[in-house]
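Overview (structure and organization)
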Amino acid sequence: FNIPDLYTPMHTPLSDTSTAPCEGTDKSTLQIPPIMDRYGNAADIGHKSRMEDTSMCVPFSGGGAFGVFDGHGGAGAAEFIKDYMRNVILRSLDSSRDKEDTLSRSYSLTEEALESFLCETEMPKLRAYFDDDFEDDDEYPLMTSGSTACVCLVDESTSPGSLAVANAGDCRAVLCRRGEAIDLTRDHNLKSCTEDERRRVAPYLQSASSEYLGGLAVTRSLGDLRASSGSKNAGQIAEPEITSMALEKDDEFIILATDGLFDVVSSKTAVETVRRHMLGRQATPATAARYLIDRAIARHAADNICVTVVYLREWATSAGPGPRPSIIERSATGEENRRSE
C-alpha cells in the first residue's frame, strides 16, 4: 500500500533512564520512567501462512496511545490503519481534543481514507482478476481486505491518570486492578452481540444461528468493501465502542491483544499469567507479552497473535520496569527477531 499524504513516518527517541527500585528505596522519591519505557510487544504468526496482525505505539506529552490490529484478507489494511491512525491521533491531541473525541475522529477519518484507497486501487484489481461484472453479490461477496482495531489512550499527566479505549471488532483490552481482570472492551461478534446489535445485523444473516456476517466473524471492522458495489459489507460498521475511566492507584497494567490470544486464553488467565511473570521474575513487559503468546500456543492457538503489555505508573514503582521496551516477533520460519522501538 502507498499511504496517503497524511502519513509521515515517526522516529521518536525513547529514554534509557528506567531502572528498578533498590530494596529500601523511598518510592516517593523515585523518578518514574515515561510510559513509552514501560510497554512491550510480542507477535507470532501461529499456524497461518502469513502475518496479518500488527500493533501501534504513539508517545504524547504525559502519556501514550497503544493499539492492536487484526487484519484479514491480507496485511495491507491493518498496516494502512496503523500508520494513518497514528497520525490522526497525534494531530487531534495537538489540537487539544479530549480523548474520546480523538479516538472517534481517528476511526472515522481512517475508515474514510481506507475506503477511498481501496476503491481506487484494490477494487479494480479484484474486478480485473476475476473478470466478472459483479452485478450480483454471491452468498459470500468478494471483499477487499479489512481489519479490526483496538486502541487505548493512557494519560498520566495527572495522578493517577485516566484512559480511554476504542474497539471495533474482537481484539480486546484488559486492565489489571488489584490483581483482578477488568475487560475494557466487548467483543463485536455474533456470539457476544448485545440485543441492539443483534437487531441491527439480523436482516443480513442467513439464519438466526449464523456465526458469520457476510463471511466475517465480526460485526464491526474497518475496510471490508464489497467489490460488486464499493459499499461496506452488509451489516458491518466501523464505528467503535468507546469507554473512558479514571485510573486508580491500584491499577497495575493493561493487556491489549488480538483474538488469537483470547480465543484460547481468558482475560482472567491472561492477567494472572502476566502478574505472576512480572512479580516472580522482574521481567520486562515485552517478555511478559511473549510469555502470554507461548501460553496460547501451548493451548493450540491457530491464529496470528499480537500482544502489548503496558505497565501503569504506580505498578512501575513496585514492580520495577526493565530496560527499553522491545518488539519480539517470530516469522513463518520460526526465527525470533527482537528490535527496539
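Before going into details, it helps to say that this report is about the structure given with it. The written sequence of each chain sets the order in which its residues are numbered from 1. A pLDDT threshold of at least 70 governs which residues receive local features in this predicted model, and a stricter bar of 80 or more applies before side-chain atom pairs are shown or counted, although totals over entire chains, interfaces and linings include all residues. Remark: hydrogens and water are excluded; side-chain values derive from all non-hydrogen atoms of the structure.

**Focus on the overall build of the protein**
As a reminder, the rule being used: Numbering of helices and strands runs from the N terminus, with a helix taken as a DSSP run of H or I at least four residues long and a strand as a DSSP run of E at least two residues long. Throughout, exposure labels follow a simple rule: accessible area from a 1.4 Å probe, protein chains only, divided by the maximum for the residue type, with under 20% read as buried, over 50% as exposed, and the rest as partly exposed. Using a 1.4 Å probe, the Shrake-Rupley method yields the accessible areas, and only the shown protein chains count as cover for residues.
Counting secondary structure elements, the protein contains 7 helices and 13 strands. The buried share among the 341 residues of the protein stands at 54%. Roughly 15,300 Å² of accessible area belongs to the protein as shown, and the carbon and sulfur atoms make up 46% of that amount.

**So, the pairing of strand E7 (residues 180-183)**
Convention followed: Only strands that DSSP links by at least two bridges are regarded as paired with each other.
Two elements, strand E6 (residues 172-177) and E7, share 4 bridges in a ladder whose sense is antiparallel. Bridged to leucine 175 within E7 is isoleucine 182. Between E6 and the antiparallel strand that follows it, E7, lie 2 residues; arginine 178 among them carries a positive phi value of about 50°.

**Brief notes about the layout of surface pockets**
Heads up, the condition is: Buriedness of a pocket was judged along seven lines, with at least five required to meet protein on both sides within 12 Å; pockets are open sets of points on a 1 Å grid over the protein atoms alone, cavities are sets where a 1.4 Å probe fits but cannot get out, and lining residues have an atom within 4 Å of a point. Grid points are joined across faces, edges and corners, and a volume is the space filled by probe spheres set on the points. In this count, Pro and Cys sit with the nonpolar residues alongside Ala, Val, Leu, Ile, Met, Phe, Trp and Tyr, while Asp, Glu, Lys and Arg are called charged and the others, Gly among them, polar.
Taken as a whole, the largest pocket encloses approximately 780 Å³ of empty space. His72, Asp170, Leu216, Ala217 and Asp259 are the residues nearest the centre of the largest pocket, which is lined by 32 residues in total. Of the residues forming the lining of the largest pocket, the biggest block, 3 residues, is contributed by strand E3 (residues 63-72). Across the lining of the largest pocket, the residue classes break down as 7 nonpolar, 10 polar and 15 charged.

**Describing the environment of methionine 143**
Here is the rule: In this analysis, two residues are considered to be in contact whenever any of their non-hydrogen atoms come within 4.5 Å of each other.
Tracing the chain through its elements places methionine 143 in the loop between helix H2 (99-130) and strand E4 (146-155). Judged by its relative accessible area of 18%, methionine 143 falls in the buried class. Beyond its immediate chain neighbours, meaning those up to four positions away, methionine 143 contacts Leu126, Gly214, Leu216, Asp224, Leu225, Arg226 and Asn233.

**Let's talk about helix H6 (residues 285-298)**
The criterion, for reference: The span one expects for a helix is its residue count, reduced by one, times 1.5 Å.
When the terminal C-alpha atoms of H6 are compared, their 20 Å separation across 14 residues agrees well with the 20 Å that a helix rising 1.5 Å per residue should span. Phi for histidine 300, located one or two positions after H6, is positive at around 70°.

**Comments concerning the packing of aromatic side chains**
Rules: Aromatic rings from Phe, Tyr and Trp, with only the six-membered ring used for Trp, were paired whenever their centres fell within 6.5 Å, and each pair was classed as stacked if the ring planes differed by under 30 degrees, edge-to-face if by over 60, and tilted otherwise. In this scheme, the term charge over a ring applies when either NZ of a lysine or CZ of an arginine sits within 6 Å of the ring centre and within 35 degrees of the ring normal.
Summed over all chains, the structure comprises 3 aromatic pairs. Relative to phenylalanine 66, the ring of tyrosine 39 has its centre 5.5 Å away and its plane inclined at 50°; by these criteria the two rings are tilted. With tyrosine 39 in strand E1 (residues 39-44) and phenylalanine 66 in strand E3, this pair connects stretches of sequence that are 27 residues apart. For the pair shown, tyrosine 39 and phenylalanine 66 are each scored as buried. The ring of phenylalanine 262 has arginine 172 sitting right over it, with the charged end atom 4.4 Å from the ring centre.

**As for helix H1 (residues 76-94)**
With 19 residues, H1 extends 28 Å from end C-alpha to end C-alpha; this agrees with the ideal 27 Å at 1.5 Å per step. Taking burial as the measure, the 19 residues of H1 include 16 buried ones, the bulk of the element.

**Quick look at the nonpolar core**
To keep it simple, the criterion reads: Throughout, nonpolar core names a set of buried Ala, Val, Leu, Ile, Met, Phe, Trp, Tyr and Cys residues whose side chains join them through atoms within 4.5 Å.
Within the largest apolar cluster, 33 residues are counted, with the highest numbers of intra-cluster contacts made by Phe69, Met85, Ile89, Tyr107, Leu114, Val151 and Leu222. Sorting the residues of this core by element identifies strand E2 (53-60), E3, H1, H2, E4 and strand E5 (162-168) as the ones contributing at least two each. The leading source of residues in this core is H1, at 10 residues. The next biggest cluster of nonpolar side chains, apart from the first, holds 23 residues, and it includes Val274, Ala296, Ala301 and Tyr311.

**Things to note about the pattern of salt bridges**
Note the following rule: We define a salt bridge as a contact between a side-chain nitrogen of Lys or Arg and a carboxyl oxygen of Asp or Glu at a distance within 4 Å.
On inspection of all chains with the given rule, the structure shows 20 salt bridges. Between arginine 177 and glutamate 248 there is a salt bridge, with the nearest N and O atoms lying 3.4 Å from each other. Of this pair, arginine 177 sits in strand E6 while glutamate 248 sits in the loop between strand E9 (241-246) and strand E10 (251-257), and the two are 71 residues apart along the sequence. For arginine 177, a relative accessible area of 12% gives the class buried. In this structure, arginine 178 and glutamate 248 form a salt bridge, with 3.4 Å as the shortest nitrogen-oxygen distance. Of this pair, arginine 178 sits in the loop between E6 and E7 while glutamate 248 is found in the loop between E9 and E10, placing the two residues 70 residues apart along the sequence. One salt-bridge network, in which partners are shared between bridges, spans Arg177, Arg178, Glu248, Asp250 and Asp251.

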